[in-house]
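Reading the structure
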Amino acid sequence: MNDAAREYISSLLPEGLPDGKKLVEEGIELGKTLELGKSKFLESSGYRTYLEYKKDCSEKGKIVWQILLGLATLEEELEGIKEIYNFSKRTGLEINTVQAIPSQGICLPKEYRDGAPSTTSYMINSIDEWIAHTEAAPLQIIFEDQHLSCPNSLETTIGPLLAGSPRIGIFSQFIWGYPGFNDDVKRYSDMLKSIGIVASKKDQDIMVDTYLDDGIPSYFLDCASYVGYALLEHYIVTKLCGARLSFSYGGLLSEGHTRMAVGMAIHKLLSTEEQPAMSYINGSTVMQWDHDIDSNYGPSVQEMLLETLVINKYKMCMSINPVSITEKVAVATLQDLLNITAAGIRAEEKAGDWEDLMDFTPLEQMRDVMAEKGVLFFHNVLEGFKAAGIDIEDPLKMIMVLKRFNYSKFETLFHPSVSEKGEFSPFYPTVLGRETIAERDEIIKGLDQQGLKGSLQGKKIVICSGDGHSYGLLLVEGVLESMGAQVVNGGVDIDPAVILDLADEEGSGYIGISVHNGQALDYARVLSELAGERNKAYQIFMGGRLNAILPGHSEASDVSGMIKELGICATNDFAESIKSISA
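Here we summarise the structure given alongside this text.

Conventions used here
- Residues numbered from 1 in each chain as written.
- Predicted model: local features only at pLDDT ≥ 70, side-chain atom pairs only at ≥ 80, totals over all residues.
- Heavy atoms only, no water.
- Phe/Tyr/Trp six-rings, centres within 6.5 Å; stacked < 30°, edge-to-face > 60°.
- Helix = DSSP H or I, 4+ residues; strand = E, 2+ residues; numbered from the N terminus.
- Buried < 20%, exposed > 50% of the residue type's maximum accessible area, 1.4 Å probe, protein only.
- Lys NZ or Arg CZ within 6 Å of the ring centre and 35° of its normal.
- Pairing = 2+ DSSP bridges.
- Right-handed = clockwise from strand over helix to strand, strands pointing away.

1. Some remarks on the packing of aromatic side chains
Tallied over the full model, the rule gives 21 aromatic pairs. When the centroid spacing of 5.9 Å and the interplanar angle of 90° are considered together, the rings of Tyr 314 and Phe 360 count as edge-to-face. Remark: Phe 360 occurs in the loop between helix H13 (352–355) and helix H14 (361–387) and Tyr 314 occurs in the loop between helix H11 (297–313) and strand E8 (319–321); sequence separation between them is 46 residues. With respect to burial, Tyr 314 and Phe 360 carry one shared label: buried. The ring centre of Tyr 8 lies 4.4 Å from the NZ or CZ of Lys 409, which sits over that ring.

2. Re the pairing of strand E3 (residues 140–143)
Where a strand is regular, its side chains alternate between the two sheet faces. In E3, alternate side chains face the same way, and those of Gln 140 and Ile 142 on one face and Ile 141 and Phe 143 on the other are all buried. Pairing of strand E2 (residues 97–100) with E3, which is carried by 4 bridges, proceeds in the parallel orientation. Counted as the bridge partner of Gln 99 is Ile 142 from E3.

3. Description of the pairing of strand E1 (residues 66–69)
Looking at chain direction, E1 and E2 are connected through 4 bridges and run parallel. Within E2, the residue paired with Ile 67 across the bridge is Val 98. In the classification by handedness, the crossover that spans E1, the intervening helix H5 (residues 74–91) and the parallel E2 is right-handed.

4. Regarding unusual backbone geometry
The residue after Gly 169, namely Ile 170, is reached through a cis peptide bond having omega 5°. Following the sequence through the fold, Ile 170 ends up in the loop between strand E4 (167–168) and helix H8 (184–199). For Cys 317, which is not glycine, the phi torsion reads 55° and is therefore positive. Mapping Cys 317 onto the fold places it in the loop between H11 and E8. For Cys 317, a relative accessible area of 8% puts it in the buried group.

See below:
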């Protein structure tokens, strides 16, 4: 690593940080005062812990199926949990786990919530409401998204533990931003105390969970880098904080062989008899059609069948979390989720027919390469941080530097194949990275055919993502640059006020926003209001998933028309956006 890289990493560390290990110790002491809740599922099933249940299923060659559920209101969520239980009892298709996905609103302390963009899910406002989930039915309820790594992490860790959640997540979401809250020292100090609370329950099989696709790996072009980064998070959570850690992944990886090899490599490197490394594999979110929706059952079922075969073959103790066939176009309804989970369980019934026909050698070869290169990646990170003067024994310093990293540079700096020119060659390219580049090139070709090449010459455009999704932002950046624009990429999870500030600093009136989490309308309203207060002429365009849950509705609606009424160009048609800018 050259001097410039060392100086860059060193510059990311703020001065005057508290001792990270002492923060973890404070959390451990606090955790000792808390009594862990017990779910109705454990009470009725006779298992001591949820991990014990999963290990037993793994030994029996039985898949644990889970549903991610985030409905519009708490009342609907609780009724949804009951309906999943009733469905399981009625059909005999065993679904014992629900991962609750509340609104990002719970991530902010209550005093910060007014004016924050709402998302397509429900709020939790008290300990009793966390407990109400586990009281709704004898299912295991787990709280991960929007909990461990947010500014409100002490409340959103204690609540789930008192409700009996066996996992608290999501660690990797520490890179996410939250509108209106900018005190990183406070946020990550509380996060480490929260990890300490979880560490205090280690003997009761309680663990931190992470979802790699929601973190820095979402920027990676190589699957081997996923594995190396997993080792880094494992180092921080287990060695520096003393907690258990399990890994989830899969949403951005859609090719069966590389997708499974990533989990196999992490399992090989990190699983022990006491602590299996893998938590769950998420259905791919990037392979579905947005037309002829029912046909999406085809790739989804074959994906789940392969997962079943690999999980049972290597006793990975990993659950399967199916993704609705409507993922590409709308937030899933409960019935959508029940349908796809039922299809997966029925596929599991036939897995035995395939076992003797399978040759797993190619997967094992991929696994071994990913494991070997992943270890090198991990060591490169630690050595690079040490060379830059970062105390790699302090978890707060590690997290603060990672949070402030330019994630597009991260893989380039530490990949084991990186050359002196700063280039690297992926061992197993990620599909989404490759597809994003291919989609970008196809869009550019179409725009050229419409005579738009060079139409943005001399225009400076500031872009950002309103949530944690990066690939859409990279796509927008590539297309705009190809049309001649100078693009300033503000990054992900950017507040409306911050993107306006950046535009002002750059002397640009052109702003592009990518959104995917159902916050499009609220984000647009805040952005429009703030822009109006500045008495400046901004030309704003917005794309991505332009939907939201409107008052009185339980499902997301297309809000592009409502956003256009605010004076914002809301479309996924690049030609329309470019014409509005160049006019």
